[in-house]
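# A structural walkthrough
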Amino acid sequence: MEPMNYLEELIERYPVLAGLKPQIREAYEILESCYDNGGKLLIAGNGGSCADAEHIVGELMKGFVKRRPVSEDFAAKLLEADPVLGKELGEKLQGGLPAIALTGHPSLSTAFLNDVDGGLIYAQQTYGYGKKGDVLLGISTSGNAKNVMYAVTAAKAIGMKTIGLSGKDGGLLKKAADVTVVVPETETFKIQELHLPVYHALCLMLEERFF
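The name that an unreviewed UniProt entry assigns to the chain is Phosphoheptose isomerase, with the source organism given as Lacrimispora celerecrescens.

Within the structure shown, the criterion is met by twelve salt bridges. For E88, the salt bridge identified is with K92, shortest N-O distance 3.0 Å. Here E88 pairs with K92, and both are found in helix 5 (residues 83-92), just four residues apart, close to one helical turn. Residue class for E88 comes out partly exposed when judged on its relative accessible area of 41%. With a shortest N-O distance of 3.0 Å, E187 and K190 are connected by a salt bridge. Take E187: its relative accessible area is 39%, and that puts it in the partly exposed class. Residue class for K190 comes out partly exposed when judged on its relative accessible area of 29%. Taken together, the shared-partner salt bridges connect E32, D36 and R209 into one network.

Another aspect to go through is the pairing of strand 5 (residues 179-182). The side chains of a regular strand alternate, first on one face of the sheet and then on the other. Burial of the side chains of strand 5 extends over both faces: V179 and V181 are buried on one face and T180 and V182 on the other. Note on the crossover from strand 4 (residues 161-166) through helix 9 (residues 171-176) to strand 5: the handedness is right-handed.

Next up on the list: the state of the cysteines. Tallying each qualifying case throughout the model produces zero disulfides. Lacking any disulfide linkage, C34 is separated from the closest cysteine sulfur, that of C203, by 13 Å. Left unpaired, C50 is separated from the closest cysteine sulfur, that of C203, by 16 Å. Exposure remark for C50: the relative accessible area of 23% places this residue in the partly exposed category.

In the contact formed by helix 6 (residues 106-115) and helix 7 (residues 121-129), the axes pass within 10 Å of each other and the chain directions differ by 120 degrees. Judged on the interaxial angle alone, helix 7 and helix 6 are oblique. For helix 6 against helix 7, the interelement crossing comes out right-handed. Contact residues: helix 6 offers L108, S109, F112 and L113, while helix 7 offers I121, Q124 and Q125. Across the contact of helix 6 with helix 7, the residue classes break down as four nonpolar, three polar and no charged.

When helix 7 is considered as a whole, its buried residues turn out to be I121, Y122, A123, Q125 and T126. Residues of helix 7 that are buried in the fold lie against strand 1 (41-45), helix 6, strand 3 (135-139) and helix 8 (146-158).

On to the packing of aromatic side chains. According to the stated counting rule, one finds one aromatic pair in the structure shown. Taking 6.1 Å as the distance between ring centres and 80 degrees as the angle between the ring planes, the aromatic pair formed by Y35 and F210 counts as edge-to-face. Highlighted residues: Y35 in helix 2 (residues 21-36) and F210 in helix 10 (residues 188-210), separated in sequence by 175 residues. Residue F210 is classed as partly exposed on the basis of its relative accessible area of 23%. Looking at R209, its charged tip hangs above the ring of F210, at a distance of 4.5 Å from the centre.

The residues that UniProt annotates with the feature "domain: SIS" (unreviewed entry) are residues 31-211. The straight-line gap between the two end C-alpha atoms of residues 31-211 is 15 Å; of that span, 55% is helix and 13% is strand.

What counts, and where the lines are drawn
Residues numbered from 1 in each chain as written. Predicted model: local features only at pLDDT ≥ 70, side-chain atom pairs only at ≥ 80, totals over all residues. Heavy atoms only, no water. Salt bridge = Lys/Arg side-chain N within 4 Å of Asp/Glu carboxyl O. Helix = DSSP H or I, 4+ residues; strand = E, 2+ residues; numbered from the N terminus. Buried < 20%, exposed > 50% of the residue type's maximum accessible area, 1.4 Å probe, protein only. Right-handed = clockwise from strand over helix to strand, strands pointing away. Disulfide = S-S within 2.5 Å. Axes fitted to C-alpha atoms, helices over the stretch in contact; angles between N-to-C directions. Parallel < 35°, antiparallel > 145°, perpendicular 65-115°, else oblique. Left-handed = near helix turned anticlockwise from the far one by under 90°. Contact = heavy atoms within 4.5 Å. Nonpolar A, V, L, I, M, F, W, Y, C, P; charged D, E, K, R; others polar. Phe/Tyr/Trp six-rings, centres within 6.5 Å; stacked < 30°, edge-to-face > 60°. Lys NZ or Arg CZ within 6 Å of the ring centre and 35° of its normal. UniProt positions renumbered as here; feature names shortened; annotations may be inferred.

Shown next as structure tokens:
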């Protein structure tokens, strides 16, 4: 199956998203280029969007709808490293697309909250993890989450590409990010309900491309 077939399927299942096809495709192309060049994805969000950030990592860092076995070369290196443990690892490890949700790390987050400024936690992590060629995905149903916007600003300064996932009018995120997918809803829970099929489609497209 071609990656873009998943985009067509998304529109068939969710016709309300038809007008966002160009933005979703652009978001995919940014991510494809990132992974093609050895980059990684950082994801920031609050509340339900925080859970979405972790969800996306779960789909990218292991098999989603494919098993993603390790290469024969790496399987051989695992056996060389340890004949017993390496055999099991070679059978069970799965290929991953590097992604980090900037939502955990409680020691770092609480230290920065206490010592510096809690609103800048995602920006601090972006500055620490990010490098030119990486991508930051900011998820905000209003598009105006200040901590997400701080992270977007830091990412742009680093030379990272930025993707927004939002609702309503897209807010500040739409103006700042390289591309923002603004789903056509205004209530938070309805926006979140449409975010999930969008990022599932992106994860499926990336898995098809790289595995």
